[in-house]
Amino acid sequence: RKEFVDLYVNYVFNESIRKPFEDFMQGFLRGCPARKWKMFLPVELQTVLEGHKKFDWRLLEKNVTYVQYGMLDRTIRNFWTVFHKLPEEKKKMFLAFLSGSDRIPGRGLEHFRFSIVDPQVEKPDELYPSANTCKRILFLPR
């Protein structure tokens with residue numbers, strides 16, 4: 001009975017996934033060769049692959065470039081006032097809306113840059129905020 005259980009567990013957790021895992025590992029190592037990632041400690045490699053999970057949101061505000069806006073414009077002040085009152089999960093949702101990910105890349109928030117742009121439309125009240133995730137641009141109507 002014990003031998004049956006041991007063989008079954010080995011099959012489920014090892015043998016049945018051997019080929020898919022080898023295929024995954026081959027693809028992973030093609031994009032991220034082992035000799036390059038061996039220089040990282042496990043926690044550092046996790047940060048490189050997953051990004052940062054905790055943020056100093058004030059740094060995000062400091063790294064913004066404004067286009068057709070000044071940092072003292074009422075729209076911008078209102079935006080940051082509301083943003084800083086949001087719960088952590090909503091801030092991460094904003095980050096995903098802006099950049100396509102709710103995490104900051106491995107280099108950290110101090111290197112994360114984005115722009116807030118006034119789309120300069122005739123009827124700004126009829127336009128919702130939008131984002132260009134590739135260029136990290138938030139189009140924020142007045």
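Since this is a predicted model, take the numbers as computed values, not measurements. (Residues numbered from 1 in each chain as written. Predicted model: local features only at pLDDT ≥ 70, side-chain atom pairs only at ≥ 80, totals over all residues. Heavy atoms only, no water.)

Peer 1: Sorry, what's going on with the overall build of the protein here?
Peer 2: Tallying secondary structure elements over the protein gives 7 helices and 4 strands in all. Helices and strands appear in the protein in the N-to-C order α-α-α-α-α-β-α-α-β-β-β. Relative to the globule expectation of 14 Å for 142 residues, the C-alpha radius of gyration of the protein, 23 Å, shows a markedly less compact shape. Each of the three principal axes of the protein carries a C-alpha extent, and together these read 75 × 35 × 25 Å. When each of the 142 residues of the protein is scored for burial, the buried share is 25%. Considering only contacts within the protein whose residues lie at least 6 apart along the sequence, 58% involve residues at least 24 apart. If you sum the accessible surface of the protein, you get close to 10,800 Å²; carbon and sulfur atoms cover 57% of it. (Helix = DSSP H or I, 4+ residues; strand = E, 2+ residues; numbered from the N terminus. Rg over C-alpha atoms; globule rule 2.2 N^0.38 Å. Buried < 20%, exposed > 50% of the residue type's maximum accessible area, 1.4 Å probe, protein only. Contact = heavy atoms within 4.5 Å. Areas by Shrake-Rupley, 256 points an atom, 1.4 Å probe, with all protein chains shown as cover.)

Peer 1: How should I be thinking about the pairing of strand β2 (residues 114-117) in this particular structure?
Peer 2: Judged by which residues are buried, β2 turns out to be covered on both faces: Phe114 and Ile116 on one side and Ser115 and Val117 on the other are all buried. Pairing between strand β1 (residues 64-67) and β2: 4 bridges, direction parallel. By the bridge assignment for β2, Tyr66 is matched with Ile116. Examined bridge by bridge, β2 and strand β4 (residues 137-139) share 3 bridges and lie parallel to one another. (Pairing = 2+ DSSP bridges.)

Peer 1: Got a minute to help me understand helix α6 (residues 74-85) in this structure?
Peer 2: Think of an α-helix as 3.6 residues a turn; residues three or four steps apart then line up on the same face. When the terminal C-alpha atoms of α6 are compared, their 17 Å separation across 12 residues agrees well with the 16 Å that a helix rising 1.5 Å per residue should span. Listed as buried for α6 are Ile76, Phe79, Trp80, Phe83 and His84. Down the axis of α6, the sector holding all buried residues measures 120 degrees, keeping them to one side. Exposed side chains of α6 directed beyond 90 degrees from the buried face belong to Arg74, Val82 and Lys85. The secondary structure elements touched by the buried residues of α6 are α5 (57-62), β1, α7 (88-99), β2 and β4. (Expected span 1.5 Å × (residues − 1). Arc of directions from axis to C-beta.)

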